[in-house]
Amino acid sequence: MFDRALGRVADVLNAIGSLVIGAVMVLMCADVLARNLANRPLDGVAELVATSIIVIVFLQLPATLRHGRMARADLFIDPFVARHPRAGQQLRALFSLAGLFASGVIAYATWPLLARAWVDAEFLGVQGVFTFPTWPMRAVVVLGATLAALQYLLLAWRDLRTSRWRA
């Protein structure tokens, strides 16, 4: 039940991340056209693109983990799991616990930054030219890192549970 709900949320966030990628592409093309055709670049494009990259990563991270598309050392781990199924799954669980720790640290460290950005009305950009609030980006980082931590926990639990029944 929890696994399925987490999967749905991860997939929705992944789809939103894909929409953000599309929006960034349109924004960059519009900036290039405005710059080349009218000699008037769009204000704030560099800032929006830079922040969008962070947003895209954390929107798509939980689904990437869930669907087994996270970069890893397949050259080592897959043959190891094939030769030593029990130890290999325990090693994968250990890697997942390390991912849980890293994602948890990111969420924990970003939470105060999110609170400060909200309370202080923190903005990014050049005042008087183009600014936007930073709290939405920080909220996506906290959400994505938290969901990634939960996904890592599920992966570790699955590997440990399966390794108990392997010889």
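Throughout this description, residue numbers start from 1 for each chain and increase along the sequence as written. It should be noted that, the model being predicted, local features are given only for residues of pLDDT at least 70 and side-chain atom pairs only at 80 or more, the latter also being counted only at that level, while totals for whole chains, interfaces and linings use all residues. Heavy atoms from the whole structure form the basis of all side-chain values; hydrogens and water molecules are not counted.

Peer 1: Got a minute to help me understand the packing of helix α1 (residues 2-37) against helix α2 (residues 45-66) in this structure?
Peer 2: Two quantities define a packed helix pair, namely the angle between the helix axes and the distance between the axes. Put simply, α1 and α2 touch, their axes get as near as 8 Å, and they point 155° apart. Classed by the angle they form, the pair α1 and α2 counts as roughly antiparallel. Where α1 crosses over α2, the handedness of that crossing is left-handed. Each residue is assigned to one of three groups, with Ala, Val, Leu, Ile, Met, Phe, Trp, Tyr, Cys and Pro labelled nonpolar, Asp, Glu, Lys and Arg labelled charged, and all others, Gly among them, labelled polar. Taken together, the residues of the contact of α1 with α2 sort by class into 15 nonpolar, 6 polar and 5 charged. Angles here are taken between N-to-C directions and fall from 0 to 180 degrees, while the axes themselves are lines fitted to C-alpha atoms, restricted in helices to the stretch in contact. Here a helix means four or more residues in a row that DSSP labels H or I, a strand means two or more in a row labelled E, and each is numbered from the N terminus. Every angle not falling under 35 degrees, over 145, or within 65 to 115 is termed oblique; those three ranges are roughly parallel, roughly antiparallel and roughly perpendicular. The sense of a crossing depends on the near helix, which, turned anticlockwise from the far helix by less than a right angle, makes the crossing left-handed and, turned clockwise, makes it right-handed.

Peer 1: Hey, could you run me through a nonpolar patch on the surface in this one?
Peer 2: Each patch is built from residues lacking any salt bridge and having more than 30% relative accessible area; the joining distance is 9 Å for like charges and 5 Å for nonpolar side chains (Val, Leu, Ile, Met, Phe, Trp, Tyr). Accessibility throughout is a Shrake-Rupley quantity obtained with a 1.4 Å probe, and a residue counts as covered only by protein chains that appear here. For this document, the term salt bridge refers to a Lys or Arg side-chain nitrogen within 4 Å of an Asp or Glu carboxyl oxygen. Together, Trp-118, Val-119 and Trp-135 line one region of the surface with nonpolar side chains, adding up to about 370 Å² of accessible area. Inspection of the secondary structure assignment puts Trp-118 in helix α4 (residues 85-119).

Peer 1: Just checking my understanding: could you explain the packing of aromatic side chains for this structure?
Peer 2: The description of two aromatic rings rests on the distance between their centres and on the angle between their planes. Here the aromatic set is Phe, Tyr and Trp, taking the six-membered ring for Trp, and pairing holds for ring centres within 6.5 Å; pairs whose planes are under 30 degrees apart are stacked, those over 60 apart are edge-to-face, and all others are tilted. Enumeration according to the criterion identifies 3 aromatic pairs in this entry. Relative to Phe-80, the ring of Phe-76 has its centre 5.5 Å away and its plane inclined at 20°; by these criteria the two rings are stacked. One end of the pair is Phe-76 and the other is Phe-80, both in helix α3 (residues 74-83) and 4 residues apart, which spans about a single turn.

Peer 1: Which parts of the structure should I look at to understand the packing of α4 against helix α5 (residues 135-163)?
Peer 2: Two elements in contact, α4 and α5, have axes separated by 7 Å at closest approach and are oriented at 160°. With respect to α5, the axis of α4 lies roughly antiparallel. The element α4 and its partner α5 pack so that their crossing is left-handed.

Peer 1: How should I be thinking about the pairing of strand β1 (residues 123-126) in this particular structure?
Peer 2: Consecutive side chains of a regular strand alternate in pointing toward one face of the sheet and then the other. Whether two strands pair comes down to DSSP finding at least two bridges between them. In this sheet, strand β2 (residues 130-133) lies alongside β1 in antiparallel orientation, the contact comprising 4 bridges. Across the sheet, Gly-125 pairs through a bridge with Thr-131, a residue of β2. The hairpin formed by β1 and β2 contains 3 residues between the paired strands, and Gly-128 there has a positive phi angle of roughly 90°.

Peer 1: What exactly am I supposed to notice about the nonpolar core here?
Peer 2: The nonpolar side chains of soluble globular proteins are, as a tendency, buried together. Only buried residues count toward a nonpolar core, which is a set of Ala, Val, Leu, Ile, Met, Phe, Trp, Tyr and Cys residues joined through side-chain atoms within 4.5 Å. For every residue, the accessible area obtained with a 1.4 Å probe (protein chains only) is divided by the maximum for its type, and the residue is called buried under 20%, exposed over 50%, and partly exposed between those limits. Membership of the largest hydrophobic core comes to 16 residues, with the highest contact counts inside it found for Val-55, Phe-58, Leu-59, Leu-61, Leu-65 and Val-140. Contributing elements (two or more residues each) for this core: α1, α2 and α5. For this core, the element with the highest residue contribution is α5, accounting for 8 residues. It only takes one pair of heavy atoms within 4.5 Å for two residues to be counted as in contact. Not counting residues within four places of it along the chain, the set of residues in contact with Leu-61 comprises Met-70 and Ala-148.

Peer 1: Help me understand the environment of Arg-8, please; the structure alone is not making it clear to me.
Peer 2: Looking at where Arg-8 falls in the secondary structure, it is placed in helix α1. In this structure, the C-alpha to C-alpha distance between Arg-8 and Asp-74, residues 66 residues apart in sequence, is 27 Å.

Peer 1: What should I look at first to understand the pattern of salt bridges in this one?
Peer 2: Pairing between side chains becomes possible if they bear opposite charge and their charged atoms approach one another. Evaluation of the coordinates by the stated rule reveals 6 salt bridges. Its salt-bridge partner being Asp-3, residue Arg-66 comes within 2.8 Å of it at the nearest N-O pair. Of this pair, Arg-66 sits in helix α2 while Asp-3 sits in helix α1, and the two are 63 residues apart along the sequence. Looking at Arg-66, the relative accessible area reads 23%, which means it is partly exposed. Between Arg-92 and Asp-159 there is a salt bridge whose closest N-O contact spans 3.0 Å. With Arg-92 in helix α4 and Asp-159 in helix α5, this pair connects stretches of sequence that are 67 residues apart.

Coordinates in, geometry out; function isn't part of it.
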